[in-house]
Every structure is written in C-alpha cells, then in structure tokens.
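If you want the building blocks of each chain, they are given just below.
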Amino acid sequence: MARSVLYDSTRCVGCRECEKACSERWHLPYNDKIAAEEKLSAHKLTTIRTYGEKFSRKLCMHCLEPTCASVCPVGALHKTALGPVVYDGDKCMGCRYCMTACPFQVPSYEWDSRLPKVRKCDFCSDRAASGQPTRCSEACPVEATVTGDRDQLIAEARKRIAENPNQYVNKIYGIEEVGGTSVLMLSSVPFDQIGFRTDLPQSSLPMLTWNVLSHVPDVAIVGGVLLGGIHWVTSRRIEVAKAEGKEGTK
Amino acid sequence: MSRLIPRTFWQWTFAILMALGAYATFVRFYYGLGASTNLTDQFPWGLWIGFDVLCGVGLAAGGFTLAATVHLFHIKKFEPIVRPAVLTAFLGYVLVVVALMFDLGLPWRIWHPLIMWNPHSVMFEVGWCVTLYTSVLALEFAPVVLERFQLVRLMKVLKVVMIPLVIAGVILSTLHQSSLGSLFLIVPHKLHPLWYSPLLPVLFYVSAIAVGLAMTIFESWHSSKAFGRELEFPLVKRLAEILAVVLAFYLTIRFLDLFKRGALATLEQPGPERWLFGLEIVLMAVPMLLLFRSKTRSNPRALYFTVVMFLLGFVTHRLNVGITGMERGSGVQYVPRWTEVVVTLAIIAIGFAAFRWIAAYFPIFEKEKEPAPPVATALDREWELEPAPGD
C-alpha cells in the first residue's frame, strides 16, 4: 500500500494540532509565535495558512515522480516504495537545487546552522511500514487530514464532491499536478485562492531535463568521432602540403 | 617588507578587497549562509550561483574554443593566443570551484557526486564535467610549467596524449556549458518566459562560444598593456569577425525562440524584467552590429570597448536567467548582501592577480622576437612553423 494523505480544507477548523504533532515528531520547538508564522521553514515542516474564513495546509506533496529526487546530484532524496519522499542528510552537500526545483517550494534550509541540512516533511516514514497514519492525521480532531491508500482516498474525495457538490470545487488537487502527488487536497474555493499554484504542468517535471540528459552519451560519442576525424583530416592535409612543398624545392 | 605595501591605485584596491574578502569569508564559515547571504527558502540561489558559477564558467570558455581551433582544426595562426586562453580557462574553473565552496552548505562534501551517482540530475552531470574538464585544463596547461623547468621527458609523454585531451576537453565543455542552461529546464513554473526556453542548453552553448572568443580578445588587449607587448592584432581582428558571426547566429535563435513561444508579449507587463531583458539584448545586439563594421575592428580601443560591452551583455543574460527571471516565480525580491558581493569581487581580483603573476613567470606569451605575423592566406599552410600540439 502506497501511503497517501487527503486534506479536506472544508473540514479544517485551523486548530493547528497537525503543526504541533509534527514539531513533536521532529523535536522542534513549538509556541504561539511559531504557530503564527504560517510559512514552511527549517523549524516548521507543515503549516496551516489562513485565507479569510478559509484554511489550507502546506506540507511536502510527496510527488509520484519527485522533482527534488530527480535533481539531487548525490541522490540524497528518493521516493520509497511505500510513498514517502525521504532525505538522507549524510549524502547532501548543500547545493540546494532541490529547493530551486521543487514546484511547491517545500524544502527548507537550516540557514542559521554552521552545518546546514535540508528540512522537509517525510510523511512520517518511520511509521509507513507498519501502516500507521501520519502524526498530523492522527492529531487532527476533525478528520480534515486522513492517511490511506491513494486510490481509496481519491475514491473517497470523489464521493465527497458528488455528495455535496455545492460545498466543493469540482477538483482534487494532486491527482494530475506535475504527474500526480501523494498528498491530495479538497477545497470549497478555487485552489489559487487558498495558496496553491494552479498553473503547474500535468506532466512530471523530471522528463524536461532527462530528455536532454539522455543524449549525453550521444554527444560524447558523435563529438569524439567527429573531432577525431577533423583532426585527422587537417593533419593529413598539412602532411600532404609538406610533402608537396619538399618536392617543389628539389 | 616594503614590497608588501600597496602603492598604485590597483594595488590598494586589491589589498582592500583581500581584507574585506577575508572578513566576509570568516562571516560565511563561522556564522553560516544565513548571516552571510540574503538567500531564503524561496530564493535559494543568488549571486554566487548566478554570477560566480554561471558567468564564471562561461567566461572561461575561451580555453576549449581556441584549443579546438588550433589543435583540431589546425588553424595555426591562432597558436600565440592558445596559452593565455587555456590559462584563463584553468584559473576560471579553479575560481568557480572556490566560489562553489562558499555557496555549498557543506563544501567539504563537494566530491560526493563523484561516488554518489544520480544520472538524472543535471547538477550531477555538471559536477562530473567540471571536475574532468578542470583536470584536462591542468594537463593542457602543464606543458607551460614543464617548459619553464625544462622537464623534457614529461613533455614528451604529454605530447602523446595531448590530442585526445583536447578532444575530451571540447566534448566536456560542450556538455557542461549547455548543461548550465539545462539546469533551468526543470523550473518552467518559476523562470520568466523571457528566459525559460526548451532551447536553454543551445542558447547557453552558443553564447559560451561567443564569450570564449570575446574573452580572448579582452585578454590580448590587457596583456599587451600590462607587458608592453604588441597586440596580436591581425589575429584579434579575425577573432572579432568570427565573434560577430557567432553573435548574429545566437541572436537569431534567441529571437526565433522568443517569437515562437510568444514570449515577447510579456514585455507589456510592468516590472524589472522587461528593462533587464532590454539591457541584455542591447548589450549583445549593439556589439554585434559594431563588430560587423571593419572600422571598429581596425581600431584596438574601439574593439576593446565593443568586446567589453558584449561581455557585460553576456553577464546580464546569465544573471537574468539565474536571478531576475526567478524572482517573480518565487514571489520574493533578492538583493545580494555585502558579503556576497565582496566575496565575488575578491575572487575576481584573485583571478586577475594570478593571471598576471603566472604570465610574468611562465612562458605564456611568445617572446617579442618579431612583429606579429601579418594575416595572409598563405599562413594557412604555415607548416614550417608547425609547433607540436600542446605548445
């Protein structure tokens, strides 16, 4: 079972129990000031954001084809079979390409540390194998965030929209954004009004660079043959010229 | 002791930059990236990537351009400027690595990509190519050092491998010069349409060739000033002609691409993007037009300033891709902190000083035994003077 999370913003009451549970999982400080930040950072890996009467949640989307994992030069990020996109701080050299490339601007950096690492939600990967829900799902008193299987959660989300078409916009965010994500969202207003990008491509981003990178061996082989050939031809021409020149002086 | 006291204006500038640079280095490594840069989670790449890496690697492109011209295409009349070009390239790459050591969060892990592979990452490819090419450049430059100390045996060994090395250098350069553009292929949602293009790798590669030629002209001029030598002027003039054609080619694909994607419509939007785009294009198109005039090419001073204008245009393009174009998509404004600027300036100053010092002690420039050879068509067959590859 590949882990997924469904966040239904129409159910969310903005109590921030998810934030609190998350900071406990990472042994991070949590207080009113941090609660009010409403912004992902190295000390806050999920956040509730307030848009008037509405709430929305931000956390790593755990893309099906994660851009961060594709761009990492040392393979410090990867998506596990169980669903979470996890980070290996022992490999990371701190180039921050993952942060530049992430379409959801999720990874944070420990800017104030002398030995900085990248920080991001790991979908409580320590619990993934045992099938336990994420801590944020567990902490949510109103089941706005629930953990489950992706297909089942999509079915559940569709059911909610069908049963209450007036309460929801007819869209499940995360089904097709950048090729699909493991976090799915429901909303009562268009998603760009609660802080989500709606202009992301439906195909996965890693293909954009792989289309070019896959030609690297071709460039090396064709280039090598071509340049070797040019060198041979031009040297030969000089040799011939030399020989002719010598004959000419005889 | 008295030799260490700065006297001229430039010596003072250098000394002050070194002092400030030392302090900025302390701030960077003692207090971390947060205290020494204006980078944020929303804007994780700034001046050190946008200028030091993207521009630095580009400005060092003269090495592979000229090595290919002379050693592979056997256009031997350019021989006298290969060494300065290879030296600039080598220094350039070393300094890019130095800048990366500042920018990486954990710089002592810079070797990680060599053993921890991810072939899907453009950064992985760039890392490998830059490492290999810096080694190639060291070997391409080695004959100069060996010649200085008369190590004849080693020189012979190097001569045997020189052609494969030059070929490898050209391929590696082709790969990573274009890949610096490919780095941004993965951010269609962030990079402004005036700069995001599926052709980014092609645009980066062609402009790298142009800037390689331009840097060679730039250095020839400075060396002729610094060492009171005759400028290899006929050669430089010829380079300027080629540069004009490469620039015209670059601007053609740049505009065809902009038209095809309909990106020029975004020029109606207010904001800094359109002005900086305009600046970039003017600083490339005006030099191109000037270089097509033989009057400009025949006047060393005019040629020098035209080339400087293009170098600034090139830098503007790279900064636009790395910084300007990324701001709106990230939703933040980025202005580098003083430490970022000082480290960058100090690295440039070290580059100039190192070039000067090496050029003074090693046989970089041909001796002033004869006036620069006139460019005649017969020189294409200048086999009598054919020096061994790698010289």
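How each quantity is defined
Residues numbered from 1 in each chain as written. Chains lettered and ligands numbered in written order. Predicted model: local features only at pLDDT ≥ 70, side-chain atom pairs only at ≥ 80, totals over all residues. Helix = DSSP H or I, 4+ residues; strand = E, 2+ residues; numbered from the N terminus. Rg over C-alpha atoms; globule rule 2.2 N^0.38 Å. Buried ≥ 20, exposed ≤ 12 C-beta atoms within 10 Å, placed from the backbone. Contact = placed C-beta atoms within 7 Å. Pairing = 2+ DSSP bridges. Axes fitted to C-alpha atoms, helices over the stretch in contact; angles between N-to-C directions. Nonpolar A, V, L, I, M, F, W, Y, C, P; charged D, E, K, R; others polar. Core = buried A, V, L, I, M, F, W, Y, C linked by C-beta atoms within 7 Å. Expected span 1.5 Å × (residues − 1). pLDDT = per-residue confidence, 0-100.

With that out of the way, let us pick up the overall build of chain B. Helix and strand counts for chain B come out as 14 helices and zero strands. Counting from the amino terminus, helix and strand elements in chain B follow one another as α-α-α-α-α-α-α-α-α-α-α-α-α-α. For 391 residues, the compact-globule formula gives about 21 Å, and the C-alpha radius of gyration of chain B, at 21 Å, lands near that figure. With respect to the three principal axes, the spread of C-alpha positions in chain B is 60 × 50 × 45 Å. Relative to its 391 residues, chain B shows a buried fraction of 48%.

Helix and strand counts for chain A stand at nine helices and nine strands. Its C-alpha radius of gyration of 26 Å places chain A more than 25% over the 18 Å reference for a compact globule of 250 residues. Here the C-alpha coordinates of chain A stretch approximately 100 × 45 × 35 Å along the principal axes. Relative to its full complement of 250 residues, chain A shows a buried share of 44%. Taking all contacts inside chain A whose residues are at least 6 apart in sequence as the whole, residues at least 24 apart take part in 61%.

Residues and elements named next belong to chain A. Strand order in the open sheet formed by three strands is β8-β1-β9, with mixed pairing between adjacent strands. At either end of the open sheet lies a strand with only one pairing partner, and these are β8 (145–149) and β9 (183–186). On average, each strand axis in the sheet is inclined to that of its neighbour by 25 degrees, with strand direction left out of account. Direction of pairing for strand β1 (residues 3–8) relative to β8: antiparallel, over a ladder of five bridges.

On a regular strand, one side chain projects to one face of the sheet and the next to the other, so that they alternate. Residue and element names in this part refer to chain A. Along β1, six of the six residues are buried, which leaves the element largely enclosed by surrounding structure. Of the two faces of β1, the one carrying R3, V5 and Y7 and the one carrying S4, L6 and D8 are both buried. The sheet contact formed by β1 and β9 spans four bridges and is parallel. Across the sheet, the residue bridging to L6 is L184, located in β9.

Glancing now at the environment of I253 of chain B. Residue and element names in this part refer to chain B. Residue placement: I253 occurs in helix α10 (residues 233–260). The spatial distance from the C-alpha of I253 to the C-alpha of L199 is 8.8 Å, given a sequence separation of 54 residues. Once residues lying within four places of it in the same chain are set aside, the contact partners of I253 are L199, V202, L203 and V206.

Okay, the pairing of strand β3 (residues 54–58) of chain A next. All names here are of chain A. Burial analysis of β3 places four of its five residues in the buried class, which makes it a mostly covered element. Both strand β2 (residues 47–51) and β3 contribute to a ladder of five bridges, which runs antiparallel. Paired with I48 across the bridge in β3 is R57. The hairpin turn running from β2 into β3, its antiparallel successor, is two residues long, and G52 in that turn takes a positive phi close to 65 degrees.

Each partner contributes residues to the interface: chain B has 45 residues there, and chain A has 55 residues. Every element with two or more residues in the side of chain B that touches chain A is listed here: α2 (33–36), α6 (112–115), α7 (122–148) and α8 (152–182) of chain B. Examining the composition of the side of chain B that touches chain A, we find that seven residues originate from one element, α8 of chain B, more than from any other. Looking at the side of chain B that touches chain A residue by residue, the classes come out as 27 nonpolar, 13 polar and five charged.

Residues C98 of chain A together with A210, A214, I217, L243 and L247 of chain B are the most contacted members of the largest nonpolar core, which totals 173 residues. Tallying contributions element by element places helix α9 (residues 200–226) of chain B first for this core, with 14 residues. Setting aside residues no more than four positions away along its own chain, I217 of chain B makes contact with V236, L239, A240, L303 and V307 of chain B.

The next point concerns the environment of V118 of chain A. Residue and element names in this part refer to chain A. Along the chain, V118 turns up in strand β7 (residues 118–119). Separated by 42 residues in the primary sequence, V118 and A76 place their C-alpha atoms 10.0 Å from one another. Here V118 is in contact with Y87, C92, C98, P107 and Y109, once residues within four sequence places are set aside.

Let us look at unusual backbone geometry. Residue and element names in this part refer to chain A. For R96, which is not glycine, the phi dihedral falls at a positive 65 degrees. Note that R96 resides in the loop between β5 (85–87) and α4 (97–101). If you check the backbone angles, C124 has positive phi at about 45 degrees while not being a glycine. Looking at the element boundaries, C124 is found in the loop between β7 and α5 (125–128).

Time to look at helix α11 (residues 272–291) of chain B. Residue and element names in this part refer to chain B. Between its terminal C-alpha atoms α11 stretches 29 Å, which fits the 28 Å expected from 20 residues at 1.5 Å a residue. If you check which residues of α11 are buried, you get E273, L276, F277, E280, M284, P287, M288, L290 and L291. Looking at the buried side of α11, the elements it contacts are α10, α12 (294–298) and α13 (300–330).

Residue and element names in this part refer to chain B. Of the residues in chain B, 92% reach a pLDDT of 70 or more, and the chain-wide mean stands at 89. Counting interchain partners and residues more than four positions distant, the pLDDT-below-50 stretch residues 369–391 has 32 contacts. Interface scoring of the predicted complex returns ipTM 0.91; its pTM is 0.90.

Residues and elements named next belong to chain B. Along the polypeptide, R83 turns up in helix α5 (residues 82–103). Along the chain, R83 and V144 lie 61 residues apart, while their C-alpha atoms are 8.1 Å from each other. Among residues more than four places away in sequence, those in contact with R83 are V144 and I364.

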